[in-house]
Amino acid sequence: MDFSALNDALASKSYDQIAEICDTLMLQVSSQGVVFQDEWPYAIHLLGHIYINDINSARFLWKRIPLAVKESKPEVVAAWKIGQKLWTRDYAGVHEAIHEFNWSPEAQGIVASFSELYTKSMFELLVSAYSTISTQDTALFLGLNADDAANYSLQRGWTLDPTSQMLTVKKQAVATEQKLDSSKLQRLTEYVFHLEH
């Protein structure tokens with residue numbers, strides 16, 4: 001089997017393309033009648049779907065993986081554990097699942113990149129959902145200890161009340177651009193002209 005496209009995507013850190021590459025490759029190999037289950041990179045395939053937040057596809061891939069592969073390759077099980085935590089919205093559990101397994105060199109890059117991406121998305125979720133939040137709760141969402149979570153938040157403009165250990169969220173300014181094209185200006189002019197006359 002030719003995994004060169006997959007290896008190129010991993011080498012160039014194009015992790016958002018991995019799921020599509022694996023899906024296409026799997027369809028090609030399956031249509032040719034080649035037995036591929038033993039050497040297929042299921043962990044990378046699962047992580048590719050998880051990386052793009054396509055948990056449904058990861059779940060269906062998990063169901064198609066042969067039991068013998070699940071029993072013989074712990075990295076596949078570890079990758080699916082991340083998917084399970086995402087499926088059940090166990091935010092702290094996602095970070096635990098990431099950190100509790102010793103990932104292979106092939107998977108380390110995508111796992112580290114996903115972890116960083118997931119932390120950023122959780123931080124954005126906290127910004128949109130809270131005005132104040134405890135350092136402990138922030139730590140759970142970000143997968144950090146309380147001190148690191150406080151430092152991470154402070155670096156992004158939040159403030160900390162040292163007595164209550166509560167963080168005050170700094171809301172991001174929403175910049176809205178109004179685009180005015182000539183047709184809108186023409187309609188407005190005609191409307192105003194009609195009102196005046």
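Up top you'll find the structure we're talking about.
Residues numbered from 1 in each chain as written. Predicted model: local features only at pLDDT ≥ 70, side-chain atom pairs only at ≥ 80, totals over all residues. Heavy atoms only, no water.

**A word on a nonpolar patch on the surface**
Inference 1: Nonpolar side chains collect at one region of the surface, where Leu185, Leu188, Tyr191, Val192 and Leu195 lie side by side and expose about 500 Å² of accessible area between them.
Inference 2: Here Tyr191 shows up in helix 11 (residues 182-196). (Patch = residues over 30% accessible without salt bridge, like charges linked within 9 Å, V, L, I, M, F, W, Y side chains within 5 Å. Areas by Shrake-Rupley, 256 points an atom, 1.4 Å probe, with all protein chains shown as cover. Salt bridge = Lys/Arg side-chain N within 4 Å of Asp/Glu carboxyl O. Helix = DSSP H or I, 4+ residues; strand = E, 2+ residues; numbered from the N terminus.)

**A closer look at the sheet that holds strand 1 (residues 132-134)**
Inference 1: Across the sheet, which stays open at both edges, the 3 strands sit in the order 1-3-2 with antiparallel pairing between neighbours. Only two strands of the sheet have a single partner each, and these edge strands are strand 1 and strand 2 (159-161). Taking each pair of neighbouring strands and ignoring which way they run, the sheet shows an average axis angle of 30 degrees.
Inference 2: Here strand 2 pairs with strand 3 (residues 166-168) via 3 bridges, running antiparallel. Bridged to Asp161 within strand 3 is Met166.
Inference 3: Strands strand 1, strand 2 and strand 3 of the sheet are contacted by helix 9 (residues 135-142), whose axis makes an angle of about 85 degrees with strand 1. (Pairing = 2+ DSSP bridges. Axes fitted to C-alpha atoms, helices over the stretch in contact; angles between N-to-C directions. Contact = heavy atoms within 4.5 Å.)

**Details of the side chain of Thr138**
Inference 1: Examined against the element boundaries, Thr138 turns out to sit in helix 9.
Inference 2: For Thr138, a relative accessible area of 0% gives the class buried.
Inference 3: Non-local contacts of Thr138, meaning those with residues more than four positions away in its chain, are made with Leu126, Ile133, Ala149, Ser153, Trp158 and Leu167. (Buried < 20%, exposed > 50% of the residue type's maximum accessible area, 1.4 Å probe, protein only.)

**Remarks on helix 2 (residues 18-31)**
Quick reminder: α-helices carry 3.6 residues per turn. Residues three or four places apart thus point the same way.
Inference 1: Along its 14 residues, helix 2 runs 20 Å from first to last C-alpha, staying within 8% of the 20 Å computed at 1.5 Å per residue.
Inference 2: Turning to helix 2, its buried residues number three or more, namely Ile18, Ala19, Ile21, Cys22, Leu25, Met26 and Val29. The buried residues of helix 2 all sit within an arc of 160 degrees when viewed along its axis, so they share a single face. Exposed side chains of helix 2 directed beyond 90 degrees from the buried face belong to Glu20, Leu27 and Ser31.
Inference 3: Positioned one or two residues after helix 2, Gly33 has a phi angle of 75 degrees, which is positive. (Expected span 1.5 Å × (residues − 1). Arc of directions from axis to C-beta.)

Keep in mind these values describe shape, not function.
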